[in-house]
Amino acid sequence: MKKTSTRLEGATLLAALTLGVTPAFAETSPDPGTWSGPYLSAFAVGASSEVRGTSTRGDGSFSSNANDESAHDSFRGAGAGVLLGYQRHYPGGIILGVEADWAGLREEGRQDTLVNSGNAWNGMLQASIVREAQWLSTARVRLGYGTGPFMVSLTGGLALASLVETRTQYEGLNAPTQTVPRFSDRDHAYPIGWSWGVSGAWRMNDAWSLRVDYLQAHFDQVGFGFPDARGGVVSGSGFASVQGRSVSNDVRVDMLRLGLTYSFGNMR
């Protein structure tokens, strides 16, 4: 009987302690359902670019040599970047926020143009264009929904990029019959475009979360100029006349990003 009484007393004491500690813990624990506050993220990115456009003479007039250099190119790359944002988690799960990011990219593609004039160098290189996406930055608004440790969102806004094109002119040689690089022109553009995307996040604890983003950026009518471009390759002088090139490209960049995010203020 004494043993049973001791057990009852112990159970009563444990229940009392539980009832006393639970309210105190609830008052001091962070709310596990909120995503509100500023945050900083570092991410790795895989990128894919598609370029479509037109190429004319430097004065804007049509020529077959210039038209053959019109952009029809796709290439891939990778990079890394940082993101800064602020969001507010409202009752019912709705999340509104803004964020800005910058990503350095190593993305490069090459498009070659072959001689098609029926001369001695027919089918050989006449010109090559190397296209690079060096970096890309966006500033966007976000609309999302969060419950517990999970969040999904849609986003859209402005985009800014650093795009480079380098055109190499080839010269025709008679002995042996071949074409070789003669000189290169390089032009740099900083177009402003628009972006949209979707994202998802999983919170590991009060401050750290993992997120994955798909983001697409569009830049329309990006202009490049190559004033020294020749009309082709010819025998004797090695060059046709100077025509120049005026290029207008539409560029789309698709990015898949995986990031680690730190939220200031423990997401309260």
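Look up a bit, the structure's there.
Note that the coordinates shown come from a computational prediction; the quantities given were computed from them, not determined experimentally. (Residues numbered from 1 in each chain as written. Predicted model: local features only at pLDDT ≥ 70, side-chain atom pairs only at ≥ 80, totals over all residues. Heavy atoms only, no water.)

Enquirer: Would you mind showing me how to read the packing of aromatic side chains here?
Expert: What describes a pair of aromatic rings is the distance from one ring centre to the other and the angle between the planes of the rings. The tally for this structure, following the rule as stated, stands at 4 aromatic pairs. The interplanar angle of 35° and the centroid separation of 6.3 Å between the aromatic rings of Trp135 and Tyr190 together place this pair among those described as tilted. Of this pair, Trp135 sits in strand β4 (residues 125-147) while Tyr190 sits in the loop between β6 (178-189) and β7 (192-203); the two residues are 55 residues apart in sequence, bridging distant segments of the chain. A network of ring pairs unites the aromatic residues Trp208, Tyr262 and Phe264 as a single cluster. (Phe/Tyr/Trp six-rings, centres within 6.5 Å; stacked < 30°, edge-to-face > 60°. Helix = DSSP H or I, 4+ residues; strand = E, 2+ residues; numbered from the N terminus.)

Enquirer: For this particular structure, what's the right way to read unusual backbone geometry?
Expert: Despite not being glycine, Gln221 has its phi angle at roughly 50°, a positive value. Mapping Gln221 onto the fold places it in strand β8 (residues 208-226). Its relative accessible area of 64% is what places Gln221 among the exposed residues. (Buried < 20%, exposed > 50% of the residue type's maximum accessible area, 1.4 Å probe, protein only.)

Enquirer: For this particular structure, what's the right way to read a nonpolar patch on the surface?
Expert: Taken together, the side chains of Tyr90, Ile94, Leu96, Leu143, Tyr145 and Val152 make up a nonpolar region of the molecular surface, amounting to roughly 540 Å² of accessible area. When contributions to the nonpolar patch are tallied by element, the ones reaching two or more residues are β3 (94-114) and β4. As for its position among the elements, Leu143 is in strand β4. Given the relative accessible area of 47%, Leu143 is considered partly exposed. (Patch = residues over 30% accessible without salt bridge, like charges linked within 9 Å, V, L, I, M, F, W, Y side chains within 5 Å. Areas by Shrake-Rupley, 256 points an atom, 1.4 Å probe, with all protein chains shown as cover. Salt bridge = Lys/Arg side-chain N within 4 Å of Asp/Glu carboxyl O.)

Enquirer: Mind showing me how you'd approach the environment of Trp202 here?
Expert: As for its position among the elements, Trp202 is in strand β7. Look at Trp202 and you get partly exposed, because its relative accessible area is 37%. Sequence separation between Trp202 and Phe150 is 52 residues; the distance between their C-alpha atoms is 4.8 Å. Excluding residues that lie within four positions of it along the chain, Trp202 makes contacts with Trp35, Pro149, Phe150, Ser209 and Leu210. (Contact = heavy atoms within 4.5 Å.)

Enquirer: It is not clear to me how the pairing of strand β2 (residues 72-89) should be interpreted in this structure. Could you clarify?
Expert: Both faces of the sheet carry side chains from a regular strand, because those side chains alternate between them. In this sheet, β2 lies alongside strand β1 (residues 37-56) in antiparallel orientation, the contact comprising 16 bridges. The partner of Leu40 across the bridge, within β2, is Leu84. Here 13 bridges tie β2 to β3, and the two strands are oriented antiparallel to one another. Paired with Leu83 across the strands is Asp101, a residue of β3. Hairpin geometry of β2 and β3 is characterised by an intervening segment of 4 residues between the two adjacent antiparallel strands and by a positive phi of about 95° at Gly92. (Pairing = 2+ DSSP bridges.)

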